[in-house]
Amino acid sequence: MNARLVTLASALAFSLPALGQSALTGTWEGYSEIHGQKVPVKLELKQEANGVKGAFLSGPERWEATSGSATNGNLVLSFDYFARKVDATVKGDDLTGTFGTVTTKYPLALHRGSVTKPAAAKGPDIHGDWEIAVGTSSKGESAWNMKIEQTPTVVKGAILRIDGDTGGLYGNYDADAKQYVLSHFTAAGPALYTLKPQDDGTLVVTNALKDDQQWTARRPADARKENLAPPTATTEQTRWKDPAQPLSFSFPDLNGKTVSSKDPEFKDKVVLVAIGGSWCPNCHDEAPLLESLYKKFHSKGLEVVSLTFEQDEDQLKNPVRVKAFIKRYNVTYPVLLAGTTDQLNEKITGAENLNCWPTSFFVDREGKVREIHAGFSGPATGKAHEELVKETTELVEKLLAEKSQTLKASN
């Protein structure tokens, strides 16, 4: 066989697997069975010449894969911004495999096309605001907020803890079990909750993936009648010990350059110092707002600095996930590698009860900490998110309007 024929035969052999996998295109639905519970999963795939595009779908949300490939029936989708991937085998219209990290993997069993579901039953009206009594949480809270939106066929919910929210939970009423079943399966992982209406007007809320997590939810007015403590305000969780002490930081950026609060670019500036980590779902929710504020107010004197604390040393030595986080949200403000999560209070010494991811410090032109916001209400919380964006923007504008002593003297 001459060289030209060998080259042609090789090219054809190389292209066959890709052509055979074009059948991947479509929507795949099924479940991930976790601790005996089935969490609905919806995955969209599209075969292209240079690979496979994929995205988890949850309600109206899309969680895009950063890269994908399919070779000889093996599908791999990477979600680098959470350091997770799909590794699955595809046979005809069936997809089986796992999603997760090296240490935590969730099984996948999907079929191309829509899963047959019973017609949505009409359940009791539960829309609106609720408070979930939790006793005393690991963060010191007594209660969480829960927001519910309801249509005749779909219920959307989100639980707001002091350190953030669950993300959007979607589902409907199970008439047989007489409860609402809400879930999601996203690049951040799975969630499954049941809300069971009671005769006294309360809801029994169960984290179905953790059998020991069950609480009672009440309407806020009813909780006050029972003298139950309300959810902790985001500005009351963490306190700055000494108002006269500045918030100081000095950590390397991703290029190894040390960036310090004492650098000239921070002098006489309003500085928003965001404590977070690329592993933290609510830090992902917060990043678009931080970038928006930075673009809008940087020329007026605002600096935004992210101090990222990662769960292990490997992400500090080779911050692949951090880089993917920055790329996903087009982050242009400085991101500094501050340490591991267990070093938080060792590295940020001026704060008391600093235990939430994320936490944002608002520093005025004099270098004083003026306000601290714990957690973040993401887009899934609806009105709560809109109010947070409005309040944060107004606070930044207020601090920018103030003149430092240095600026006053120069005038």
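Residues numbered from 1 in each chain as written. Predicted model: local features only at pLDDT ≥ 70, side-chain atom pairs only at ≥ 80, totals over all residues. Heavy atoms only, no water.

Q: I would appreciate a short explanation of the packing of aromatic side chains in the present structure.
A: Ring pairs (aromatic) are described by centroid distance and by the angle formed between their planes. One pass over the full model with this rule turns up 17 aromatic pairs. With 5.2 Å between their ring centres and 20 degrees between their planes, F56 and F79 make a pair best called stacked. Here F79 lies in strand β6 (residues 74-79) and F56 lies in strand β3 (residues 51-58), a separation of 23 residues in the sequence. Pair check on accessibility: F56 and F79 agree, each one buried. Plain terms: the ring middles of F79 and F99 are 5.6 Å apart, the flat faces sit at 90 degrees to each other, and that makes the pair edge-to-face. In this pair, F79 is assigned in strand β6 and F99 in strand β8 (residues 94-100), connecting sequence segments 20 residues apart. For the pair formed by F79 and F99, the shared burial category is buried. An aromatic cluster of three or more residues is present, and its members are F56, W63, F79, Y81, F82, F99, Y106 and F185. Stacked on the ring of Y31, the Lys or Arg K38 has its end atom at 5.6 Å from the ring centre. Against the face of Y81 rests R328, its NZ or CZ located 4.0 Å from the ring centre. (Phe/Tyr/Trp six-rings, centres within 6.5 Å; stacked < 30°, edge-to-face > 60°. Helix = DSSP H or I, 4+ residues; strand = E, 2+ residues; numbered from the N terminus. Buried < 20%, exposed > 50% of the residue type's maximum accessible area, 1.4 Å probe, protein only. Lys NZ or Arg CZ within 6 Å of the ring centre and 35° of its normal.)

Q: For this particular structure, what's the right way to read helix α5 (residues 320-328)?
A: Within the sequence span of α5, burial applies to R321, V322, A324 and F325. End-on, the buried residues of α5 take up no more than an arc of 160 degrees, which puts them together on one face. Positive phi shows up at N330, right after α5, with a value of about 50 degrees. (Arc of directions from axis to C-beta.)

Q: Even after reading the chapter, I still don't get the environment of G97, so can you show me in this structure?
A: Within the secondary structure layout, G97 lies in strand β8. Distance from G97 to L75, taken between C-alpha atoms, is 8.9 Å for residues 22 residues apart in sequence. When sequence neighbours within four positions are dropped, the list of residues in contact with G97 reads D87, A88, Y106, P107 and L108. (Contact = heavy atoms within 4.5 Å.)

Q: Honestly, the sheet that holds strand β22 (residues 270-276) in this entry has me stumped. Any pointers?
A: Sheet strands pair via backbone hydrogen bonds, and the direction of the pair is either parallel or antiparallel. Ordered in space as β24-β23-β22-β26-β27, the five strands form an open sheet in which the pairing is mixed. Strands at the two margins of the open sheet, each flanked by one partner only, are β24 (335-340) and β27 (369-374). The sheet shows a mean angle of 20 degrees between the axes of neighbouring strands, taken without regard to direction. (Pairing = 2+ DSSP bridges. Axes fitted to C-alpha atoms, helices over the stretch in contact; angles between N-to-C directions.)

Q: What is the right way to read the nonpolar core from this model?
A: Across soluble globular proteins, you tend to see nonpolar side chains buried next to one another. Formed by 31 residues in total, the largest nonpolar core has its most connected members in L45, F56, L75, L77, F79 and L95. Broken down by secondary-structure element, the contributors of at least two residues to this core are β1 (26-34), β2 (37-48), β3, β6, β7 (84-91), β8 and β9 (105-112). Per-element accounting of this core gives the leading share, four residues, to β2. With residues up to four places along the chain from it excluded, the contact list for L75 reads L24, L45, V52, S69, A70, V86, D87, A88, V90 and L95. (Core = buried A, V, L, I, M, F, W, Y, C linked by side-chain atoms within 4.5 Å.)

Q: How should I be thinking about the pattern of salt bridges in this particular structure?
A: Two side chains carrying opposite charge are able to pair once their charged atoms lie near each other. One pass over the structure, following the stated rule, counts 16 salt bridges. In this structure, R161 engages D163 in a salt bridge whose closest nitrogen and oxygen atoms are separated by 3.1 Å. Exposure remark for R161: the relative accessible area of 27% places this residue in the partly exposed category. We classify D163 as buried; its relative accessible area is 15%. Its salt-bridge partner being E402, residue R370 comes within 2.7 Å of it at the nearest N-O pair. Of the two residues, R370 sits in strand β27 while E402 sits in the loop between α7 (383-401) and α8 (405-410), which places them 32 residues apart along the sequence. It is possible to trace a salt-bridge network through shared partners that takes in E44, R62 and E64. (Salt bridge = Lys/Arg side-chain N within 4 Å of Asp/Glu carboxyl O.)

Q: Help me understand the confidence of the model for the protein, please; the structure alone is not making it clear to me.
A: The predicted coordinates ought not to be read in detail in places where the model reports low pLDDT. With 92% of its residues at a pLDDT of at least 70, the protein reaches an overall mean of 92. Considering only residues more than four positions removed or in separate chains, one finds that residues 1-21, a stretch of pLDDT under 50, has seven contacts. (pLDDT = per-residue confidence, 0-100.)

Q: Explanation requested: the pairing of strand β10 (residues 128-133) in the structure shown.
A: Remark: a regular strand shows side chains that alternate across the two faces of the sheet. With six bridges connecting them, β10 and strand β11 (residues 143-150) associate as antiparallel partners. Pairing of D129 across the sheet is with K147, part of β11. Inspection of the sheet shows β10 paired to strand β18 (residues 214-218) by three bridges, in the antiparallel sense. Bridge pairing links E131 to R218 in β18.

Q: Would you take a moment to explain the state of the cysteines for this structure?
A: The term disulfide refers to a covalent linkage connecting the sulfur atoms of a pair of cysteines. Per the stated rule, a full pass over the model turns up one disulfide. Shown here is the disulfide that connects C280 with C283, its sulfur atoms set 2.5 Å apart. Residues C280 and C283 are joined through a disulfide that is right-handed, its torsion about the S-S bond being 85 degrees. Here C356 stays unpaired: no disulfide links it, and the sulfur of C280, its closest cysteine neighbor, is 10 Å away. (Disulfide = S-S within 2.5 Å.)

Q: Hey, could you run me through unusual backbone geometry in this one?
A: Comment: phi is negative for the bulk of residues other than glycine, and the bulk of peptide bonds are trans. Residues W357 and P358 are joined by a peptide bond in cis, for which omega reads 0 degrees. Its location among the elements puts P358 in the loop between β25 (351-352) and β26 (359-363). Residue N72 is not a glycine yet carries a positive backbone phi of 50 degrees. Topologically, N72 is positioned in the loop between β5 (67-71) and β6. Classification of N72 as exposed rests on a relative accessible area of 65%. The phi dihedral of N330 is positive, around 50 degrees, even though this residue is not glycine. Relative to the helices and strands, N330 resides in the loop between α5 and β24.

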